[in-house]
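In case you want the letters, here they are:
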Amino acid sequence: MELPNLPSAASLLPLNQRNARRFVDSFTPLISAQLSRFRLPHDLLQDAVQETLVRCLRGLKHFRGDSQLSTWVYRIAYREGLRAQEKLQRDRSRAVSLSPLAEPADSAPTYSPSFAAEQQDEVLRVRTAMDTLPNEQRLVLGYHYLDGLSVHEIALLMSSRPNTVKSWLKRGRDSLKSTLADPSSEESA
Amino acid sequence: MKDLEQLLRDPRAHADAPSEESWRAWSDEAIAKWNAQQAQARQRNPLRLISNALFYAAVLMALWILFPALASTAEKVGEAVGSYQVWVGMPNPWVIAGIATAIAVAITPPLRQRLLHEIG
(Lines give C-alpha, C1' and ligand atoms only; values in the text may rest on other atoms or scores of the structure.)
Protein backbone atom coordinates (compact mmCIF):
# COMPACT_ATOMS: atom_id res chain seq x y z
CA MET A 1 0.00 0.00 0.00
CA GLU A 2 1.44 3.37 -0.93
CA LEU A 3 0.14 6.05 1.38
CA PRO A 4 2.62 8.87 1.69
CA ASN A 5 2.95 11.32 4.58
CA LEU A 6 1.51 9.00 7.22
CA PRO A 7 3.34 8.87 10.54
CA SER A 8 4.75 5.55 11.77
CA ALA A 9 3.43 3.91 14.92
CA ALA A 10 6.76 4.43 16.70
CA SER A 11 6.71 8.17 16.02
CA LEU A 12 3.27 8.44 17.64
CA LEU A 13 4.39 7.03 20.97
CA PRO A 14 4.14 8.03 23.76
CA LEU A 15 0.57 8.90 22.91
CA ASN A 16 0.29 12.39 24.39
CA GLN A 17 -2.05 15.15 23.20
CA ARG A 18 0.35 16.31 20.49
CA ASN A 19 0.84 12.84 19.03
CA ALA A 20 -2.88 12.06 19.27
CA ARG A 21 -3.56 15.22 17.27
CA ARG A 22 -0.92 14.22 14.71
CA PHE A 23 -2.51 10.79 14.33
CA VAL A 24 -6.01 12.20 13.95
CA ASP A 25 -4.96 14.88 11.45
CA SER A 26 -3.07 12.36 9.34
CA PHE A 27 -5.61 9.55 9.31
CA THR A 28 -9.03 11.21 9.47
CA PRO A 29 -9.18 12.08 5.74
CA LEU A 30 -8.27 8.48 4.92
CA ILE A 31 -10.81 7.01 7.35
CA SER A 32 -13.56 9.42 6.24
CA ALA A 33 -12.99 8.62 2.58
CA GLN A 34 -13.00 4.89 3.28
CA LEU A 35 -16.16 4.96 5.39
CA SER A 36 -18.01 7.20 2.94
CA ARG A 37 -17.88 4.27 0.50
CA PHE A 38 -20.16 2.32 2.84
CA ARG A 39 -23.00 4.61 1.66
CA LEU A 40 -23.98 5.64 5.18
CA PRO A 41 -26.21 8.59 6.09
CA HIS A 42 -24.28 11.62 7.34
CA ASP A 43 -24.95 11.08 11.06
CA LEU A 44 -23.93 7.41 10.95
CA LEU A 45 -20.85 8.26 8.91
CA GLN A 46 -19.86 10.82 11.52
CA ASP A 47 -20.35 8.30 14.34
CA ALA A 48 -18.37 5.63 12.49
CA VAL A 49 -15.44 7.97 11.79
CA GLN A 50 -15.31 9.14 15.39
CA GLU A 51 -15.61 5.61 16.79
CA THR A 52 -12.81 4.44 14.49
CA LEU A 53 -10.57 7.28 15.65
CA VAL A 54 -11.27 6.64 19.33
CA ARG A 55 -10.68 2.89 18.92
CA CYS A 56 -7.40 3.57 17.12
CA LEU A 57 -6.24 5.99 19.82
CA ARG A 58 -7.15 3.49 22.54
CA GLY A 59 -5.36 0.65 20.77
CA LEU A 60 -2.33 2.49 19.43
CA LYS A 61 -0.13 1.82 22.46
CA HIS A 62 -0.84 -1.91 22.04
CA PHE A 63 -0.09 -1.89 18.30
CA ARG A 64 2.66 -4.47 17.85
CA GLY A 65 3.62 -3.66 14.30
CA ASP A 66 2.65 -7.04 12.83
CA SER A 67 1.24 -5.11 9.88
CA GLN A 68 1.55 -1.55 8.60
CA LEU A 69 -0.17 1.07 10.73
CA SER A 70 -2.36 2.08 7.78
CA THR A 71 -3.52 -1.53 7.29
CA TRP A 72 -4.38 -1.74 10.98
CA VAL A 73 -6.37 1.51 10.77
CA TYR A 74 -8.14 0.30 7.61
CA ARG A 75 -9.16 -2.88 9.39
CA ILE A 76 -10.67 -1.00 12.34
CA ALA A 77 -12.48 1.38 9.96
CA TYR A 78 -13.81 -1.55 7.92
CA ARG A 79 -15.30 -3.19 11.04
CA GLU A 80 -16.84 0.13 12.11
CA GLY A 81 -18.31 0.51 8.64
CA LEU A 82 -19.91 -2.91 8.84
CA ARG A 83 -21.27 -2.15 12.30
CA ALA A 84 -22.79 1.10 11.07
CA GLN A 85 -24.36 -0.66 8.07
CA GLU A 86 -25.88 -3.30 10.36
CA LYS A 87 -27.28 -0.56 12.58
CA LEU A 88 -28.72 1.18 9.53
CA GLN A 89 -30.39 -2.04 8.37
CA ARG A 90 -31.79 -2.70 11.85
CA ASP A 91 -33.20 0.82 12.06
CA ARG A 92 -34.72 0.55 8.58
CA SER A 93 -36.35 -2.81 9.24
CA ARG A 94 -37.72 -1.47 12.53
CA ALA A 95 -39.12 1.57 10.76
CA VAL A 96 -40.73 -0.64 8.11
CA SER A 97 -42.25 -2.95 10.71
CA LEU A 98 -43.63 0.00 12.66
CA SER A 99 -45.26 1.61 9.62
CA PRO A 100 -46.53 -1.10 7.27
CA LEU A 101 -47.64 1.50 4.75
CA ALA A 102 -44.15 2.94 4.42
CA GLU A 103 -42.28 2.08 1.28
CA PRO A 104 -39.42 -0.36 1.81
CA ALA A 105 -36.10 1.41 2.10
CA ASP A 106 -33.66 0.67 -0.66
CA SER A 107 -29.99 0.35 0.22
CA ALA A 108 -28.93 2.06 -3.00
CA PRO A 109 -29.61 5.78 -3.29
CA THR A 110 -32.19 6.71 -5.90
CA TYR A 111 -31.61 9.30 -8.58
CA SER A 112 -34.19 11.49 -10.24
CA PRO A 113 -34.40 11.31 -14.05
CA SER A 114 -32.97 14.83 -14.25
CA PHE A 115 -30.00 13.79 -12.14
CA ALA A 116 -29.46 10.72 -14.31
CA ALA A 117 -29.63 12.91 -17.41
CA GLU A 118 -26.83 15.02 -15.98
CA GLN A 119 -24.58 12.03 -15.66
CA GLN A 120 -22.76 12.78 -18.86
CA ASP A 121 -19.41 12.54 -17.23
CA GLU A 122 -18.08 9.01 -17.53
CA VAL A 123 -16.75 9.03 -13.99
CA LEU A 124 -20.14 9.90 -12.58
CA ARG A 125 -21.75 7.22 -14.73
CA VAL A 126 -19.37 4.73 -13.14
CA ARG A 127 -20.37 6.00 -9.73
CA THR A 128 -24.06 5.60 -10.47
CA ALA A 129 -23.37 2.07 -11.70
CA MET A 130 -21.34 1.36 -8.53
CA ASP A 131 -24.49 1.91 -6.47
CA THR A 132 -26.02 -1.18 -8.07
CA LEU A 133 -23.15 -3.43 -6.92
CA PRO A 134 -23.31 -5.60 -3.81
CA ASN A 135 -21.47 -4.18 -0.80
CA GLU A 136 -18.40 -6.45 -0.97
CA GLN A 137 -17.84 -5.87 -4.69
CA ARG A 138 -18.15 -2.12 -4.33
CA LEU A 139 -15.79 -2.01 -1.36
CA VAL A 140 -13.07 -4.20 -2.90
CA LEU A 141 -13.09 -2.07 -6.06
CA GLY A 142 -12.47 0.98 -3.87
CA TYR A 143 -9.76 -0.69 -1.81
CA HIS A 144 -7.99 -2.00 -4.88
CA TYR A 145 -8.22 0.82 -7.41
CA LEU A 146 -8.50 3.86 -5.19
CA ASP A 147 -6.44 2.94 -2.13
CA GLY A 148 -4.01 0.72 -4.01
CA LEU A 149 -4.34 -2.22 -1.62
CA SER A 150 -3.17 -5.59 -2.86
CA VAL A 151 -5.51 -8.58 -2.95
CA HIS A 152 -3.75 -10.04 0.09
CA GLU A 153 -4.10 -6.81 2.07
CA ILE A 154 -7.81 -6.62 1.21
CA ALA A 155 -8.28 -10.26 2.22
CA LEU A 156 -6.58 -9.53 5.53
CA LEU A 157 -8.67 -6.51 6.37
CA MET A 158 -11.96 -8.09 5.26
CA SER A 159 -11.13 -11.38 7.04
CA SER A 160 -11.56 -13.21 3.78
CA ARG A 161 -9.50 -15.31 1.38
CA PRO A 162 -7.48 -13.86 -1.50
CA ASN A 163 -9.40 -15.98 -4.03
CA THR A 164 -12.71 -14.63 -2.74
CA VAL A 165 -11.40 -11.07 -3.06
CA LYS A 166 -10.24 -11.79 -6.62
CA SER A 167 -13.68 -13.15 -7.40
CA TRP A 168 -15.41 -10.04 -5.96
CA LEU A 169 -13.09 -7.83 -8.01
CA LYS A 170 -13.81 -9.72 -11.23
CA ARG A 171 -17.57 -9.84 -10.67
CA GLY A 172 -17.61 -6.14 -9.77
CA ARG A 173 -15.74 -5.18 -12.93
CA ASP A 174 -17.93 -7.43 -15.09
CA SER A 175 -21.14 -6.00 -13.59
CA LEU A 176 -19.92 -2.45 -14.11
CA LYS A 177 -18.97 -3.16 -17.71
CA SER A 178 -22.36 -4.67 -18.50
CA THR A 179 -24.24 -1.88 -16.68
CA LEU A 180 -22.26 0.82 -18.46
CA ALA A 181 -22.69 -0.90 -21.80
CA ASP A 182 -26.47 -0.98 -21.31
CA PRO A 183 -27.60 2.55 -20.31
CA SER A 184 -31.22 1.45 -19.76
CA SER A 185 -30.23 -0.81 -16.84
CA GLU A 186 -28.21 2.06 -15.36
CA GLU A 187 -31.17 4.44 -15.44
CA SER A 188 -33.49 1.91 -13.87
CA ALA A 189 -31.00 1.33 -10.99
CA MET B 1 -15.40 5.54 -22.90
CA LYS B 2 -12.13 5.51 -21.00
CA ASP B 3 -10.67 2.33 -19.65
CA LEU B 4 -12.81 1.16 -16.72
CA GLU B 5 -9.79 0.56 -14.48
CA GLN B 6 -8.62 4.10 -15.12
CA LEU B 7 -12.06 5.44 -14.24
CA LEU B 8 -12.11 3.42 -11.02
CA ARG B 9 -8.94 5.20 -9.88
CA ASP B 10 -10.88 8.46 -9.75
CA PRO B 11 -12.20 9.17 -6.20
CA ARG B 12 -15.35 10.72 -7.68
CA ALA B 13 -16.29 7.32 -9.08
CA HIS B 14 -16.69 5.93 -5.54
CA ALA B 15 -18.29 8.41 -3.19
CA ASP B 16 -18.31 12.01 -2.09
CA ALA B 17 -15.62 12.27 0.55
CA PRO B 18 -16.68 14.46 3.48
CA SER B 19 -15.49 18.05 3.33
CA GLU B 20 -12.38 19.09 5.24
CA GLU B 21 -14.56 21.20 7.50
CA SER B 22 -16.63 18.13 8.40
CA TRP B 23 -13.77 15.76 9.08
CA ARG B 24 -11.87 18.35 11.09
CA ALA B 25 -14.92 18.84 13.31
CA TRP B 26 -15.31 15.05 13.67
CA SER B 27 -11.65 14.61 14.60
CA ASP B 28 -11.93 17.35 17.24
CA GLU B 29 -14.90 15.53 18.74
CA ALA B 30 -13.03 12.22 18.62
CA ILE B 31 -10.08 13.73 20.51
CA ALA B 32 -12.49 15.18 23.09
CA LYS B 33 -14.16 11.75 23.51
CA TRP B 34 -10.80 10.05 23.88
CA ASN B 35 -9.70 12.61 26.50
CA ALA B 36 -12.93 12.05 28.43
CA GLN B 37 -12.40 8.29 28.36
CA GLN B 38 -8.80 8.72 29.54
CA ALA B 39 -9.94 10.92 32.43
CA GLN B 40 -12.63 8.39 33.35
CA ALA B 41 -10.09 5.56 33.27
CA ARG B 42 -7.77 7.50 35.59
CA GLN B 43 -10.62 8.09 38.02
CA ARG B 44 -11.49 4.42 38.01
CA ASN B 45 -7.92 3.34 38.72
CA PRO B 46 -8.02 3.48 42.55
CA LEU B 47 -11.22 1.45 42.51
CA ARG B 48 -9.62 -1.08 40.20
CA LEU B 49 -6.59 -1.35 42.50
CA ILE B 50 -8.83 -1.97 45.51
CA SER B 51 -10.86 -4.60 43.68
CA ASN B 52 -7.65 -6.28 42.51
CA ALA B 53 -6.31 -6.26 46.06
CA LEU B 54 -9.54 -7.81 47.34
CA PHE B 55 -9.40 -10.45 44.61
CA TYR B 56 -5.83 -11.45 45.45
CA ALA B 57 -6.60 -11.46 49.16
CA ALA B 58 -9.51 -13.82 48.46
CA VAL B 59 -7.26 -16.08 46.40
CA LEU B 60 -4.65 -16.16 49.17
CA MET B 61 -7.29 -16.94 51.79
CA ALA B 62 -8.60 -19.77 49.63
CA LEU B 63 -5.09 -21.17 49.23
CA TRP B 64 -4.43 -20.83 52.93
CA ILE B 65 -7.55 -22.85 53.69
CA LEU B 66 -7.12 -25.29 50.82
CA PHE B 67 -3.52 -26.32 51.36
CA PRO B 68 -3.76 -27.39 55.02
CA ALA B 69 -7.00 -29.17 54.11
CA LEU B 70 -5.21 -31.02 51.35
CA ALA B 71 -2.36 -31.73 53.69
CA SER B 72 -4.76 -33.00 56.31
CA THR B 73 -6.51 -35.20 53.77
CA ALA B 74 -3.18 -36.45 52.57
CA GLU B 75 -2.26 -37.24 56.12
CA LYS B 76 -5.34 -39.39 56.43
CA VAL B 77 -4.71 -41.12 53.14
CA GLY B 78 -1.01 -40.84 53.90
CA GLU B 79 0.06 -44.41 53.44
CA ALA B 80 -1.54 -44.76 50.05
CA VAL B 81 -0.42 -41.47 48.61
CA GLY B 82 2.92 -41.17 50.32
CA SER B 83 2.01 -38.33 52.59
CA TYR B 84 1.44 -35.11 50.77
CA GLN B 85 2.22 -33.32 53.98
CA VAL B 86 5.75 -34.62 54.06
CA TRP B 87 6.27 -33.94 50.36
CA VAL B 88 5.11 -30.37 50.74
CA GLY B 89 7.02 -30.11 54.01
CA MET B 90 3.89 -28.64 55.62
CA PRO B 91 4.85 -25.17 54.48
CA ASN B 92 4.08 -22.11 56.40
CA PRO B 93 0.93 -20.50 54.93
CA TRP B 94 2.96 -17.32 54.38
CA VAL B 95 5.33 -19.25 52.11
CA ILE B 96 2.35 -20.43 50.10
CA ALA B 97 0.96 -16.91 50.07
CA GLY B 98 4.31 -15.65 48.78
CA ILE B 99 4.41 -18.25 46.01
CA ALA B 100 0.81 -17.47 45.02
CA THR B 101 1.56 -13.74 44.92
CA ALA B 102 4.64 -14.33 42.78
CA ILE B 103 2.59 -16.41 40.36
CA ALA B 104 -0.19 -13.82 40.31
CA VAL B 105 2.32 -11.05 39.59
CA ALA B 106 4.00 -13.12 36.91
CA ILE B 107 0.83 -13.99 35.01
CA THR B 108 -1.02 -10.67 35.38
CA PRO B 109 0.35 -8.12 32.88
CA PRO B 110 -0.82 -4.95 34.70
CA LEU B 111 0.76 -6.07 37.97
CA ARG B 112 3.93 -7.18 36.23
CA GLN B 113 4.21 -3.86 34.39
CA ARG B 114 3.57 -1.91 37.57
CA LEU B 115 6.21 -3.93 39.44
CA LEU B 116 8.77 -3.55 36.64
CA HIS B 117 7.98 0.16 36.50
CA GLU B 118 8.56 0.46 40.27
CA ILE B 119 11.81 -1.48 40.06
CA GLY B 120 13.03 0.20 36.88
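Let us look at the structure shown here. On a predicted model such as this, the values are computed, not experimentally measured, just so you know.

## What about the packing of helix H6 (residues 135-146) of chain A against helix H8 (residues 162-181) of chain A?
All names here are of chain A.
And step 1. Running from amino to carboxyl end, H6 crosses H8 at an angle of 100°, the nearest separation of the two axes being 8 Å. By the criterion of interaxial angle, the relationship of H6 to H8 is roughly perpendicular. Every residue of H8 that contacts H6 at Glu-136, Gln-137, Val-140, Leu-141, His-144 and Tyr-145 is listed here: Val-165, Trp-168, Leu-169, Arg-171, Gly-172, Arg-173, Ser-175 and Leu-176.
And step 2. Taken together, the residues of the contact of H6 with H8 break down into seven nonpolar, four polar and three charged.

## Re the side chain of A:Glu80
All names here are of chain A.
And step 1. Along the polypeptide, Glu-80 turns up in helix H3 (residues 69-98).
And step 2. Here the side chain of Glu-80 touches Arg-83 through a polar contact of 2.3 Å, side chain to side chain.
And step 3. In contact with Glu-80, other than residues within four places in its own chain, are Ala-48, Glu-51, Thr-52 and Arg-55.

## A closer look at the packing of aromatic side chains
Residue and element names in this part refer to chain A.
And step 1. By the definition in use, this model includes six aromatic pairs over all chains.
And step 2. Residues Phe-63 and Trp-72 carry aromatic rings whose centres are separated by 5.1 Å and whose planes lie at 50° to one another, so their mutual orientation is tilted. The pair formed by Phe-63 and Trp-72 is uniform in burial state, with each residue classed as buried.
And step 3. Among the aromatic residues, ring-to-ring pairing joins Phe-38, Tyr-74, Tyr-78 and Tyr-143 into one connected group.

## Observations regarding the interface of chain B and chain A
And step 1. Taken residue by residue, the interface counts 29 residues in chain B and 38 residues in chain A.
And step 2. Interface of chain B and chain A: buried area, both sides summed, is about 3300 Å²; carbon and sulfur atoms make up 65% of it.
And step 3. Broken down residue by residue, the surface that chain B buries against chain A is led by B:His14, B:Trp26 and B:Trp34, which jointly contribute 23%.
And step 4. The interface formed by chain B and chain A holds three salt bridges in total.
And step 5. Here A:Arg127 makes a salt bridge to B:Asp16, at a shortest N to O gap of 3.0 Å.

## Topic: the nonpolar core
Residues and elements named next belong to chain A.
And step 1. Among the nonpolar cores identified, the biggest contains 61 residues, and Phe-23, Leu-69, Val-126, Tyr-143 and Leu-176 are the most heavily contacted of them.
And step 2. By residue number, the principal contributor to this core is H3, which donates nine residues.
And step 3. Each of two domains, domain 1 (1-106) and domain 2 (108-184), supplies a minimum of three residues to this core.
And step 4. When sequence neighbours within four positions are dropped, the list of residues in contact with Tyr-143 reads Gln-34, Arg-37, Phe-38, Tyr-74, Tyr-78, Gly-148, Leu-149, Ile-154, Leu-157 and Met-158.

The rules behind each value
Residues numbered from 1 in each chain as written. Chains lettered and ligands numbered in written order. Predicted model: local features only at pLDDT ≥ 70, side-chain atom pairs only at ≥ 80, totals over all residues. Heavy atoms only, no water. Axes fitted to C-alpha atoms, helices over the stretch in contact; angles between N-to-C directions. Helix = DSSP H or I, 4+ residues; strand = E, 2+ residues; numbered from the N terminus. Parallel < 35°, antiparallel > 145°, perpendicular 65-115°, else oblique. Contact = heavy atoms within 4.5 Å. Nonpolar A, V, L, I, M, F, W, Y, C, P; charged D, E, K, R; others polar. Polar contact = N/O pair within 3.5 Å; in protein donor to acceptor, adjacent residues only side chain to side chain. Phe/Tyr/Trp six-rings, centres within 6.5 Å; stacked < 30°, edge-to-face > 60°. Buried < 20%, exposed > 50% of the residue type's maximum accessible area, 1.4 Å probe, protein only. Buried area = accessible area lost by both parts, 1.4 Å probe. Salt bridge = Lys/Arg side-chain N within 4 Å of Asp/Glu carboxyl O. Core = buried A, V, L, I, M, F, W, Y, C linked by side-chain atoms within 4.5 Å. Domains from an automatic or database assignment.

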